Amino acid sequence: MSAHDAVFNRAFGAFLFDMDGTVLNSIAAAERIWSAWAVRHGVNVETFLPTIHGVRAIDTITRLNLPGVDAEAQAAFITEAEIEDVEGIVEIPGAAAFLKSLPADRWAMVTSAPRDLALRRMAAAGIPEPAVMITAEDVTAGKPDPAGYRLAAKRLGLEPADCLIFEDATVGIQAAEAAGAPLMIITTTHQHPLETAHATIASYRDVVLSIDSDGQLRLQPQ
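Residues numbered from 1 in each chain as written. Predicted model: local features only at pLDDT ≥ 70, side-chain atom pairs only at ≥ 80, totals over all residues. Heavy atoms only, no water.

Enquirer: If you had to explain the overall build of the protein chain to someone new, which residues and values would you point to?
Expert: If you tally the helices and strands in the protein chain, you get nine helices and 10 strands. By its C-alpha atoms, the protein chain is 55 × 30 × 30 Å across when sized along the principal axes. Scored against the burial criterion, the 222 residues of the protein chain give a buried share of 49%. A sequence separation of at least 24 residues applies to 62% of the contacts in the protein chain between residues at least 6 apart. A total of about 10200 Å² of accessible surface is found on the protein chain, and carbon and sulfur atoms cover 51% of it. Within the protein chain, one finds 16 positive and 29 negative side-chain charges whose respective centroids are separated by 3 Å. (Helix = DSSP H or I, 4+ residues; strand = E, 2+ residues; numbered from the N terminus. Buried < 20%, exposed > 50% of the residue type's maximum accessible area, 1.4 Å probe, protein only. Contact = heavy atoms within 4.5 Å. Areas by Shrake-Rupley, 256 points an atom, 1.4 Å probe, with all protein chains shown as cover. Lys, Arg positive; Asp, Glu negative; His and termini not counted. Charge placed at Lys NZ, Arg CZ, Asp CG, Glu CD.)

Enquirer: Which residues make up the pairing of strand β10 (residues 217–221), and what values go with them?
Expert: With five bridges connecting them, strand β9 (residues 207–211) and β10 associate as antiparallel partners. Bridged to Val-208 within β10 is Gln-220. Linking β9 to β10, which pair antiparallel, is a turn of five residues; within it Gly-215 sits at a positive phi near 80 degrees. (Pairing = 2+ DSSP bridges.)

Enquirer: Just give me the short version of helix α8 (residues 147–155), but keep the residues and values in it.
Expert: Considered for burial, the residues of α8 that qualify are Gly-148, Tyr-149, Ala-152 and Ala-153. All buried residues of α8 project into a common sector of 130 degrees when viewed along the axis, lining one side. Of the surrounding elements, those touching the buried residues of α8 are β1 (14–17), β4 (107–110), β5 (132–134), β6 (163–167) and α9 (170–179). Of the residues one or two after α8, Gly-157 is the one with positive phi, at around 75 degrees. (Arc of directions from axis to C-beta.)

Enquirer: Report on the sheet that holds strand β8 (residues 199–201), specifying residues and quantitative values.
Expert: Strand order in the open sheet formed by six strands is β5-β4-β1-β6-β7-β8, and the pairing between neighbours is parallel. With one partner strand each, in any of the chains shown, β5 and β8 form the two edges of the open sheet. Each strand of the sheet is rotated relative to its neighbour by a mean of 25 degrees, with strand direction disregarded. Looking at chain direction, β1 and β6 are connected through four bridges and run parallel. Each residue of the ladder has a partner; that of Ala-14, found in β6, is Cys-163. Against the sheet, α8 contacts β1, β4, β5 and β6, and its axis sits at roughly 165 degrees relative to β5. Lying over the sheet, α9 contacts β6 and β7 (183–186), oriented at roughly 175 degrees with respect to β7. (Axes fitted to C-alpha atoms, helices over the stretch in contact; angles between N-to-C directions.)

Enquirer: I'd like a rundown of the nonpolar core, residues and numbers included.
Expert: Counting residues in hydrophobic clusters, the biggest one holds 38 residues, and the most contacted among them are Phe-15 and Phe-17. Among all residues touching Phe-17, those that are not within four sequence positions of it are Val-23, Phe-98, Leu-99, Leu-102, Trp-107, Ala-108, Met-109, Val-110, Tyr-149, Phe-166 and Tyr-204. In terms of nonpolar packing, the next biggest core, distinct from the first, is built from 20 residues, Ala-14, Val-139, Ala-153 and Ile-185 among them. (Core = buried A, V, L, I, M, F, W, Y, C linked by side-chain atoms within 4.5 Å.)

Enquirer: Quick rundown of the packing of helix α2 (residues 27–40) against helix α5 (residues 71–84)? Include the residues and the values.
Expert: Relative orientation of the contacting elements α2 and α5 amounts to 140 degrees, with a least axis distance of 10 Å. Crossing hand, α2 versus α5: right-handed. Here Ala-30, Ile-33, Trp-34, Trp-37 and Arg-40 of α2 come into contact with α5, specifically with Gln-74, Phe-77, Ile-78, Ala-81 and Glu-82. Classifying every residue of the contact of α2 with α5 gives seven nonpolar, one polar and two charged. (Left-handed = near helix turned anticlockwise from the far one by under 90°. Nonpolar A, V, L, I, M, F, W, Y, C, P; charged D, E, K, R; others polar.)

Enquirer: Any details on a negative patch on the surface? Residues and values, ideally.
Expert: Negative charge collects at one region of the surface, where Glu-80, Glu-84, Asp-116, Glu-137 and Asp-138 lie side by side. Positionally, Asp-116 belongs in helix α7 (residues 115–125). Asp-116 sits in the exposed class, given a relative accessible area of 54%. (Patch = residues over 30% accessible without salt bridge, like charges linked within 9 Å, V, L, I, M, F, W, Y side chains within 5 Å. Salt bridge = Lys/Arg side-chain N within 4 Å of Asp/Glu carboxyl O.)

Enquirer: Please set out the pairing of β4 residue by residue, giving values where relevant.
Expert: Along a regular strand, successive side chains alternate from one face of the sheet to the other. Burial along β4 is two-sided: Trp-107 and Met-109 and Ala-108 and Val-110, pointing in opposite directions, are all buried. Two strands pair when backbone bridges link them, and β1 and β4 are joined in this way by three bridges, in the parallel orientation. Bridge pairing in β4 links Phe-17 to Met-109. In terms of handedness, the path from β4 via α7 over to β5 forms a crossover that is right-handed. (Right-handed = clockwise from strand over helix to strand, strands pointing away.)

Enquirer: Before we move on, can you summarise the packing of aromatic side chains with the specific residues and values?
Expert: Under the defined criterion, the tally for this structure stands at 14 aromatic pairs. Both rings, one in Phe-17 and one in Phe-98, keep their centres 6.3 Å apart while their planes meet at 75 degrees; by these two values the pair is edge-to-face. With a gap of 81 residues between them, Phe-17 in strand β1 and Phe-98 in helix α6 (residues 95–100) connect regions that are remote in the sequence. One exposure class covers both Phe-17 and Phe-98, and it is buried. When the ring of Phe-98 is compared with that of Tyr-204, the centres are 5.2 Å apart and the planes differ by 35 degrees; the resulting orientation is tilted. (Phe/Tyr/Trp six-rings, centres within 6.5 Å; stacked < 30°, edge-to-face > 60°.)

Below you can see the structure in the form of structure tokens.
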């Protein structure tokens, strides 16, 4: 059975969602801010930008190991700049309606963004706020570490293997795999075709949600 068929032939206790690139598209805003930051710090923008997606700001800055740079202070600066700039942030097609159709106790958001930034971007894109949201402040190790997804599943009273994780970025996919959860990959924001063994959709309009008599979630291709 292929990953695609496996996802559509079983029930899930809950769905866990990454935010940026998975339920909303904030690439334009993020790259505006990070590009300006990179120029100020003498970092090659072209090679640097692909590394920022799906990762906590503090981890991105720390990884650069720039002399004399306070990673915590710079991450706070980036966060404030991103909160101020939400121009061009939009939902992934069909995401808001799909999330609103889910029972509140059956889904969570797991994002590398700080909470204030996550809420700001979700509001800008019309994405509903979940009852369970794991943000950068809730974990000591960001993606690709699986801690965020494990914590979200725990708060929903489930094991990660009983949840379907929706992701788009390589580090997030690695985190979901490490958590032992099945995956659905959102391909909308990918500039190049993604090679993956996991099931993929370009839009939430590509799937139909149903809830069985036990409250379990099921998907079917549209």
